Amino acid sequence: DLRAYLLSCCYEQGIRKILISMISLRKLAAGSLAAVLAFSMAACGSGSTDSSADSTSGKAVKIDEKSAKATSLADFGTMDDLVAAAEKEGQLNVIALPHNWSNYGEVINGFKKKYPNIKINELNPNASSKEEVDAAKTNKGTDAAPDVFDLGLAVASTSTDNFASYKVQAWDKIPDSVKNADGKYYADYTGIMSIGWNADKYGDINSLDDLMDPKFAGTVALNGKPAEAGAAFNGYLMINQLAGGDINDLQPGLDYFKKLKDAGNLTTVDVTDGTIDSGQTGVVMDWSYNQASYQKSLKEKGVNWKFKTFKNAQVVSYYNQAINVDAPHPAAARLWEEYLYTADAQNEWFKGGANPVLLNSMKEDGTVDQDTLKTAITIEGDPVTYTNDDSTRITEWLQNNWDKTIGN
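Model, not experiment: these values are computed from the prediction.

Q: Could you give an account of helix α10 (residues 251-262), with specific residues and numbers?
A: Taking 1.5 Å of rise per residue, the 12 residues of α10 would be expected to cover 16 Å, and the 16 Å separating its terminal C-alpha atoms lies within 8% of that figure. Buried residues of α10: Pro252, Gly253, Leu254, Tyr256, Phe257 and Leu260, and no others. Buried residues along α10 sit in contact with β6 (220-222), α9 (230-242), β7 (266-267), β8 (283-287) and α17 (388-406). Looking one or two places after α10, you find glycine 264, whose phi comes out positive at around 85 degrees.

Q: Please provide a residue-by-residue account of the layout of surface pockets, values included.
A: The volume enclosed by the largest pocket comes to roughly 900 Å³. Surrounding the largest pocket, 35 residues form its lining, Ala292, Ser293, Lys296, Lys351 and Gly352 being those nearest its centre. Within the residue set of the lining of the largest pocket, elements represented by two or more residues are α5 (104-114), α11 (273-278), α12 (288-299), α14 (343-351) and α16 (370-375). Residues belonging to the lining of the largest pocket are distributed by class as follows: 13 nonpolar, 16 polar and six charged. Around the second largest pocket sit 30 residues that line it, and Ser177, Val178, Val316, Tyr318 and Thr385 are the ones nearest its centre. Counting residues per element, the ones that place at least two in the lining of the second largest pocket are β10 (316-324), β11 (355-356) and α15 (359-365).

Q: Got a sec to walk through the packing of aromatic side chains? Specific residues and values, please.
A: Going through the model one piece at a time under the given rule, you end up with 22 aromatic pairs. For the ring pair phenylalanine 149 and phenylalanine 163, a centre distance of 5.6 Å and an interplane angle of 50 degrees mean the geometry is tilted. Of this pair, phenylalanine 149 sits in strand β3 (residues 148-152) while phenylalanine 163 is found in strand β4 (residues 163-164), placing the two residues 14 residues apart along the sequence. Both residues of the pair, phenylalanine 149 and phenylalanine 163, count as buried. Judged by centre distance (5.5 Å) and plane angle (65 degrees), the rings of tyrosine 189 and tyrosine 319 are edge-to-face. On the criterion of sequence distance, the pair formed by tyrosine 189 in strand β5 (residues 186-198) and tyrosine 319 in strand β10 is long-range, its members being 130 residues apart. Looking at tyrosine 189, the relative accessible area reads 0%, which means it is buried. By relative accessible area, tyrosine 319 is classed as buried at 0%.

Cut-off values and rules
Residues numbered from 1 in each chain as written. Predicted model: local features only at pLDDT ≥ 70, side-chain atom pairs only at ≥ 80, totals over all residues. Heavy atoms only, no water. Helix = DSSP H or I, 4+ residues; strand = E, 2+ residues; numbered from the N terminus. Expected span 1.5 Å × (residues − 1). Buried < 20%, exposed > 50% of the residue type's maximum accessible area, 1.4 Å probe, protein only. Contact = heavy atoms within 4.5 Å. 1 Å grid on protein atoms, 1.4 Å probe; cavity = no way out; pocket = protein on both sides within 12 Å on 5 of 7 lines; lining within 4 Å. Points joined across faces, edges and corners; volume = space filled by probe spheres on them. Nonpolar A, V, L, I, M, F, W, Y, C, P; charged D, E, K, R; others polar. Phe/Tyr/Trp six-rings, centres within 6.5 Å; stacked < 30°, edge-to-face > 60°.

Pasting the structure below:
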């Protein structure tokens, strides 16, 4: 995420052609690295879209006060009333939603199909979370401002002044632990950290010890540097957990990576679609939904890419929804949020390899996609999670120890 932010300034995945393969860096360590590096926030992964910030004119816009102050569907009346208000606005500005990130392309298409009278303007799909909020500030009062945000906790928890309070109909189904009590932001989906590999070339991987085999020479990779990139940060936590550590004892993970390096198997090259295709990075630690994307792409090329999570090291990190307090299309923004918390949208994320926040409630009410459920990797038991303070502390520790132990 830090790399991508710097690229965007000359944060994450700023140039599509380069970073289309760095999808996993979409959100910087989604706990809260912001306190350490103001610029290392959550950023979007690569994606394909034919829209840009030019979709809107940047003209001054008059905002409907009633819609802008609505804190729930009840303030509109019925869902039909909300739809009518959103269709009157006729547009919705989304930002930082690459189509191949957790199946967001199908989520967007689902909204378009259900509400064809609302035009979706896709602003900068490769923006970081910080850049999302910055875009709202820069374009405040115009129709070029984003209406809604998709954010890592680092940015969401520290930017609430920029968000409108709104509680979707599914509010009570969202666990209290992953939502802001005032409705300023709330979790929507998460991945599970995993290990993926070319099974045609390497066979099965069952434990960390397997990765010490000489057949993995120079090919085992984190997706970035753990003090800079979210996927690498969480990948480190997974390995640390498997090596006998926890979020308070980080040394076992470092000892393992040092051992892997000494064995000649660790590579610190940036993971891209190209390095995976070529076999340069034949074993990659990344989010489950990114692994699913790699798997799908490689299957089309005749390559069997497998990935697995570990029950005793299920590192998870939710991303969050929020509405711009100055949204130029406040009714459409609220309709979008309502849609994201329907079974239709939640199932699309599920199909994309993520665990939607309403998964448990959908299992209970029978609305979960059963075909996906049969093969999906889901969170079991107590996952490895961390607070904003934990994230800051861990990042500082990694900054002080990774480079001097492993190198750049």
